[in-house]
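Descriptive analysis of the structure
Spelled out, the chains give:
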Amino acid sequence: MLEALEKHSQGHRRRVPDDTDPEAEDTPAQSTLKATVLRQDLMSLGPDLFIKKYLYDDLYSARELLGVFGINLPDAFDEAPDASLISVLEILLNRDYNKRQKLAHIKTIDDIVKVLQQSKQILVVTGAGISTSLGIPDFRSSDGIYSTLGKYNLSDPQELFDIWLFRQDPSIFYDFAKRLLPEARGYSPTHAFIRLLQDRGILLRQYTQNIDDIESAAGILADKLIQCHGSFKTASCLTCKGSVPGHTIFRDIRNGTVPKCTLCNETRIKSQTSSSSKAHKPLKRGREWETSETEIEDTPGIGIMKPDITFFGEQLATDFKTQVLEDRLKADLLICIGTSLRVAPVAGIPALMPRDVPQLFISRESAGKEYAFDLELLGACDETVQSLAEKAGWETGFQAIVDRGRIRNV
Ligand code: CNA
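Structural notes, computed from the coordinates. This structure is a prediction, so every number in the text was calculated from the model and none was measured.

Conventions we followed
Residues numbered from 1 in each chain as written. Predicted model: local features only at pLDDT ≥ 70, side-chain atom pairs only at ≥ 80, totals over all residues. Heavy atoms only, no water. Salt bridge = Lys/Arg side-chain N within 4 Å of Asp/Glu carboxyl O. Helix = DSSP H or I, 4+ residues; strand = E, 2+ residues; numbered from the N terminus. Buried < 20%, exposed > 50% of the residue type's maximum accessible area, 1.4 Å probe, protein only. Near = heavy atom within 4 Å. Polar contact = N/O pair within 3.5 Å; in protein donor to acceptor, adjacent residues only side chain to side chain. Areas by Shrake-Rupley, 256 points an atom, 1.4 Å probe, with all protein chains shown as cover. Nonpolar A, V, L, I, M, F, W, Y, C, P; charged D, E, K, R; others polar. Pairing = 2+ DSSP bridges. Axes fitted to C-alpha atoms, helices over the stretch in contact; angles between N-to-C directions. Contact = heavy atoms within 4.5 Å. Phe/Tyr/Trp six-rings, centres within 6.5 Å; stacked < 30°, edge-to-face > 60°. Left-handed = near helix turned anticlockwise from the far one by under 90°. Parallel < 35°, antiparallel > 145°, perpendicular 65-115°, else oblique.

Okay, the pattern of salt bridges next. According to the stated counting rule, one finds 12 salt bridges in the structure shown. In this structure, Arg 100 engages Asp 374 in a salt bridge whose closest nitrogen and oxygen atoms are separated by 2.8 Å. In this pair, Arg 100 sits in the loop between helix H5 (86-98) and helix H6 (109-118) while Asp 374 sits in the loop between strand E8 (359-363) and strand E9 (375-378), placing the two residues 274 residues apart along the sequence. Owing to a relative accessible area of 11%, Arg 100 belongs among the buried residues under this scheme. Given a relative accessible area of 5%, Asp 374 falls into the buried group.

The subject of this paragraph is the site of the ligand. Residues in close proximity to the ligand total 28 residues, the closest being Phe 139, Arg 140, Asp 212, Thr 339 and Ser 340. In the environment of the ligand, an oxygen atom lies 2.8 Å from a nitrogen or oxygen atom belonging to the backbone of Ala 128. Ser 363 places a polar side-chain atom, nitrogen or oxygen, 3.4 Å from a nitrogen atom of the ligand. In isolation the ligand exposes 860 Å². Once the protein is present, 97% of that is buried. The residue makeup of the shell around the ligand, split by class, is 10 nonpolar, 13 polar and 5 charged.

Of all 6 residues in strand E2 (residues 203-208), 6 are buried, a share of seventy percent or more. Where strand E1 (residues 122-126) lies against E2, 5 bridges are found, and the strand directions are parallel. Residue Leu 123 lies in a different strand from E2, and its bridge partner there is Arg 205. Direction of pairing for E2 relative to strand E3 (residues 225-227): parallel, over a ladder of 3 bridges. Paired with Gln 206 across the bridge in E3 is Leu 225.

The subject of this paragraph is the sheet that holds strand E6 (residues 305-309). The strand order across the open sheet formed by 3 strands is E5-E4-E6, and the pairing between neighbours is antiparallel. Either end of the sheet is taken by a strand with one partner, and the two such strands are strand E5 (243-245) and E6. Taking each pair of neighbouring strands and ignoring which way they run, the sheet shows an average axis angle of 40°. In the packing of helix H8 (residues 170-177) onto the sheet, contacts are made with strand E4 (230-237) and E6, and the angle to E6 comes to roughly 60°.

Scanning the model with the defined rule gives 18 aromatic pairs in all. Taking the centre distance of 5.9 Å and the plane angle of 80° together, the rings of Phe 50 and Phe 69 count as edge-to-face. Here Phe 50 is found in helix H3 (residues 47-56), whereas its partner Phe 69 is found in the loop between helix H4 (62-68) and H5, with 19 residues between them in sequence. Here Phe 69 falls in the buried class, since its relative accessible area comes to 8%.

With that settled, the discussion passes to the packing of helix H9 (residues 189-199) against helix H16 (residues 381-392). Contact pair H9 / H16: the axes reach a minimum separation of 8 Å and the direction vectors enclose 35°. For the element pair H9 and H16, the recorded crossing hand is left-handed. In this structure, H9 contributes Pro 189, Thr 190 and Phe 193 to the contact, and H16 contributes Cys 381, Asp 382, Val 385, Leu 388 and Ala 389. Among the residues making up the contact of H9 with H16, the classes are represented as 6 nonpolar, 1 polar and 1 charged.

Before going further, it helps to spend a moment on the sheet that holds strand E7 (residues 333-337). Judged by pairing direction, the sheet is parallel, and its 6 strands sit side by side in the order E3-E2-E1-E7-E8-E9 without closing on themselves. Looking at the sheet topology across the chains shown, the edges are occupied by E3 and E9. Strand-to-strand twist in this sheet, taken as the mean axis angle between neighbours without regard to direction, amounts to 15°. Summarising the sheet, E1 and E7 pair through 5 bridges and their orientation is parallel. If you follow Val 125 over to E7, its bridge partner there is Cys 336. Packed on one face of the sheet, helix H14 (residues 318-330) meets E1, E2 and E3 and runs near 140° to E2.

Relative orientation of the contacting elements helix H2 (residues 28-45) and H3 amounts to 130°, with a least axis distance of 7 Å. Classified by the angle their axes make, H2 and H3 are oblique. Viewed along their axes, H2 and H3 form a crossing whose handedness is right-handed. Contact residues: Leu 38, Asp 41, Leu 42 and Leu 45 in H2; Pro 47, Leu 49, Phe 50, Lys 53 and Tyr 54 in H3.

The structure is reproduced here in structure tokens:
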């Protein structure tokens, strides 16, 4: 390696891989061909052997290779010795090598429908976009929740889900949380589509980032569902950790008031009426219990109920990590729906999948350059899944589930 670096810094003359004039400029067609051939070689050799073959065996300079891979260095690098560019090249090659290549046989909606019909273990990842047609806003759309947070004076909208801030002042969270609570117990056509996959026995698992628990209303079975960020289904007291069904605090949430733990309050009343006014240590269920009554009254976050959704700064449910590592090897199709794929670790699921597993993205906006979905179907997801179901010949079953989703009320 050192030897090769020295050779480069001494400006060794380089062989070129064809018999044309080494100093001659490539035509655009030649450049494209060269880039294609080199990229194929990178994929078959891997970055280390590729660098050995093309750089250390003196076929190209690092600068030339960067050019071939489409990196135009800023002017400041004009005089930089070639050896100093090798680390940049290594980073670039590793990034390209690890990036998924799109599968050649999936180019159109009909191609993906064929895959859908043949798949037996579909892994579905969902986000807030699958619930917007039910009136629940998402985060990052132009009319999403993040666009309406000016009044809270937060430095970052994600602070709404910051556990530290919640403990300090839960009223901020409860002021907006009602907007995330479903009004009625229906579900969207997209939820219906996922239920259809389950009914057809081809849903491996749904990983939802949503906290609205609409998947339960749509009848997604508990063992088919990972609620990656928890949900409103249950709520717990920050102090005693006592858990209650989520609906018991829905009235408070809808009124925008901070729900309090009845257990803690009962204990507090008993303690206030008892002859002893000393510190109480009732059940030792949490550290905070081992404190004095006055502290209970005064400390922020004591006796406050919090829906069991995962805030930033809290651990994700343990089943996420273990399950996704198992499921990635079982899945024969990945479908991501209604998500911007901006929140880790769910955003990393596409990169975890084996490269030959087809990947479909359904949302309003593209997932962006860092992803390589085989197909992106952009638009309203309810309409997209409807057309997928029709093309797959599943329309009747799909429509029946959609209809059931319209009628149920809380
Ligand atoms: P996001 O970042 O707000 O992205 C949602 C994406 O869905 C956007 O790219 C939209 O373009 C797209 N979208 C919106 N409506 C539609 C539609 N009808 N059809 C197709 N695409 C649509 O939200 P993510 O889910 O990616 O981010 C993860 C956050 C959002 C999680 O932590 C959730 O808890 C949180 N969240 C959940 C809900 C809910 O449970 N319903 C609501 C709002 C936010």
